[in-house]
Amino acid sequence: MPVKIGYPRSALLPFAPWAPEAGAAGLSSAQTVSAIALVIGAIVVLAVGLALHREQRRREIAEEALAASKIRQQALINTMVDAVIIIDDRGRIQNFNPAAEAMFGYAREEIIGRNIRLLMPEPHRSAHDGYLARHRETGARRVLGRRSEVEARRRDGSLFPVELAVTKMKIHGQCLFSGLLRDITERRKVERLKDEFIATVSHELRTPLTTIRGSLGLITGGAAGELPARSAALVQLAYSNSERLMQLIDDLLDAERLGSGQMEFQLAPLALMPLIEEAIANNAATAEKHAVQCHFTRHLDDVRVHGDPQRLRQVLGNLLSNACKFSPRGSTVEIGVTRREGRVRIDIRDQGPGIAEELRPRLFSRFGQGDTSDTRQTGGTGLGLYISKAIVERHGGEIGFIPEAETGTTFYLELPAMDSVTDGAHGRPPDKKKVQTQ
Amino acid sequence: MSNIELQRILFVEDEADIQAVAQVALEAVGGFTVAICSSGEEALQTAEAFAPQLILSDVMMPGMDGPATLAALRRLPGMADTPAIFMTAKVLPHEVQQLRASGAIEVIAKPFDPMSLAQQIKDIWRRHHA
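A brief structural summary.

Analysis parameters
- Residues numbered from 1 in each chain as written.
- Chains lettered and ligands numbered in written order.
- Predicted model: local features only at pLDDT ≥ 70, side-chain atom pairs only at ≥ 80, totals over all residues.
- Helix = DSSP H or I, 4+ residues; strand = E, 2+ residues; numbered from the N terminus.
- Buried ≥ 20, exposed ≤ 12 C-beta atoms within 10 Å, placed from the backbone.
- Contact = placed C-beta atoms within 7 Å.
- Pairing = 2+ DSSP bridges.
- Axes fitted to C-alpha atoms, helices over the stretch in contact; angles between N-to-C directions.
- Nonpolar A, V, L, I, M, F, W, Y, C, P; charged D, E, K, R; others polar.
- Left-handed = near helix turned anticlockwise from the far one by under 90°.
- Parallel < 35°, antiparallel > 145°, perpendicular 65-115°, else oblique.

1. Description of the overall build of chain B
Turning to step 1, where the next piece is worked out: When its secondary structure is counted, chain B shows five helices and five strands.
Turning to step 2, where the next piece is worked out: Mapped in sequence order, the helices and strands of chain B form the string β-α-β-α-β-α-β-α-β-α.
Turning to step 3, where the next piece is worked out: For chain B, with 130 residues in total, the buried portion stands at 38%.
Turning to step 4, where the next piece is worked out: Expressed as a percentage of contacts within chain B between residues at least 6 apart in sequence, the contacts between residues at least 24 apart total 61%.

Following this line, the structure appears as structure tokens:
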């Protein structure tokens, strides 16, 4: 049993040049064991060598892949339109792409390793190391994980507005922060122009229109004497269209103010029923024009909401006038007020043709009204429901509609009801203050 | 006080068109006697002789604005307590509060309805004297 590992002798020959001699002379058992050990040793060495080689190759491939990924990543960062700046948790700049170079006027080579505060105006310039330290200690976030608008400082000291998004990453236990910056100087300029335009619309368009409408109002009201019937009809036409134009301007301004968050709300505890009654009274002319009656089906006294009376009247007026405009002549618009689970709900039900399926999803969006022929017929701006929705949401409420099976639509408005016990003793004091006058 | 009838209104407005509409609204519809001034300076010259019971003034005017005009008018003899109403397109709640704080008893929003302007003024007058 000279060989116990199961290979035929000849198989060992290429690896054992001494074998023929050994075969010829006969081997002692010690020699045989040495030979086998040598063979095994050689195999092990070869196997280990092979494994090391493979490992080396794997590592090389991984490194090549990593290098390729880094190149791709850097290429991506380098071609980004937005500035990308990566800093470590001490604020030292690790990466600075060409867009950042163009934005700030610093070359990558000169800024890598320097503190990010260099790119900030005061007070953040002095405070930024503190922000980072606080984040390391407490996890407090200032700009992390959200978009913010901040001021940045160019190499020449000039300041400019940027939109900033910062994300945090952890690589090999080290914290890095990646900031994406977009110069919003142009956007700010456009916003300013838009504001100026709106101020112009508000003043320059309204002023002459006020005079036109006022004059026509005086003539149709008989303040300038009786007009022949034909002239009176034409003047009435001009007057009602000047009113419509004024409403359009007001709606455009409201929509803009709501969009930019500039609409002021003066919230105070309000009795709801008188407000609804007032809105119905204000809508009387529209109801009369369309030969529609408005009446309560469910009445709820003593219910109060926390709201801005002027704005809520605007919403109710809009819903009521829509209901009247779309109702068949001689029909009734039903108003129901109910209360459930701390919320008060106003339903306004018309018997109109209903809302076309394709219109429903965009009914509350800007200019979401039906087709233009319909708009012309009913004289709306297409902004009323958009404005109403925004106002109701600012009151913590909800607005919507329920299409009826046969004919008609119910628009509803839900607002948080004030609790009659709390608002007496502990409720919020009214925001509305009467200023004493002499 | 409550039965004093409002007759004489000093109206300060720089826009000629609005002056014309308001004049018809106040004189023809409301039956008031109106002195129309195109500026704060003109109002100061007119006020003493006219002795208005009520000052009705625009807010944004070149030169002296509405509140400055009112402050100056108040320094004239016999005008310290003359009630004043401002008319303005700027009717955001804080703007109205500022105008009231500057001494107006009420603020009327522009554009005003000329057919109901006189009634609106009569209602404010009655409330003020109630």
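2. Overview of the sheet that holds strand S1 (residues 8-12) of chain B
Residues and elements named next belong to chain B.
Turning to step 1, where the next piece is worked out: If you trace the five strands from one edge of the open sheet to the other, you get S2-S1-S3-S4-S5, paired in parallel fashion. Strands at the two margins of the open sheet, each flanked by one partner only, are strand S2 (33-37) and strand S5 (106-109). On average, each strand axis in the sheet is tilted by 20° relative to the strand beside it, whichever way the strands run.
Turning to step 2, where the next piece is worked out: In the packing of helix H1 (residues 16-29) onto the sheet, the strands contacted are S1 and S2, and the crossing angle to S2 comes to about 165°.
Turning to step 3, where the next piece is worked out: The strands that helix H3 (residues 66-74) touches are S1, strand S3 (54-58) and strand S4 (84-88); relative to S3, the one it contacts most, it runs at about 155°.

3. What about the interface of chain A and chain B?
Turning to step 1, where the next piece is worked out: Contacts between the two partners involve 18 residues from chain A, matched on the other side by 23 residues from chain B.
Turning to step 2, where the next piece is worked out: Of the residues assigned to the side of chain A that touches chain B, the class counts are five nonpolar, 10 polar and three charged.

4. Topic: the environment of B:Met87
Residue and element names in this part refer to chain B.
Turning to step 1, where the next piece is worked out: Relative to the helices and strands, Met87 resides in strand S4.
Turning to step 2, where the next piece is worked out: The spacing of Met87 and Asp58 is 29 residues in sequence and 4.9 Å in space, taken between C-alpha atoms.
Turning to step 3, where the next piece is worked out: Setting aside anything within four residues of it in sequence, one finds Met87 in contact with Leu56, Asp58, Ile108, Lys110 and Phe112.

5. Concerning the packing of helix H8 (residues 229-259) of chain A against helix H13 (residues 384-394) of chain A
All names here are of chain A.
Turning to step 1, where the next piece is worked out: Direction vectors running N to C along H8 and H13 enclose 40°, while the axes themselves pass 10 Å from each other. Considering the relative orientation of H8 and H13, their crossing is left-handed. On H13, the residues that touch Asp251, Asp254, Ala255 and Leu258 of H8 are Gly384, Tyr386, Ile387 and Ala390.
Turning to step 2, where the next piece is worked out: Partitioning the contact of H8 with H13 into residue classes produces five nonpolar, one polar and two charged.

6. Some remarks on the sheet that holds strand S5 (residues 174-183) of chain A
Residue and element names in this part refer to chain A.
Turning to step 1, where the next piece is worked out: The strand order across the open sheet formed by five strands is S2-S1-S5-S4-S3, and the pairing between neighbours is antiparallel. Taken across any chain shown, the strands that pair with only one partner, and hence form the sheet edges, are strand S2 (93-96) and strand S3 (147-153). This sheet shows a mean twist of 30° between the axes of neighbouring strands, independent of strand direction.
Turning to step 2, where the next piece is worked out: As defined by bridge partners, strand S1 (residues 83-88) adjoins S5 across six bridges and the pair is classed as antiparallel. The partner of Ile87 across the bridge, within S5, is Phe177.

7. Details of the packing of helix H9 (residues 272-282) of chain A against helix H11 (residues 309-325) of chain A
All names here are of chain A.
Turning to step 1, where the next piece is worked out: Orientation of H9 relative to H11, taken along the N-to-C sense of each, is 50°, at an axis distance of 9 Å. One finds that H9 runs oblique with respect to H11. Seen along the crossing, H9 lies across H11 with a hand that is right-handed. Taken together, the residues of H11 that come into contact with H9 (itself represented by Leu275, Ile276, Glu278, Ala279, Ile280 and Asn282) are Pro309, Leu312, Arg313, Leu316, Gly317 and Leu320.

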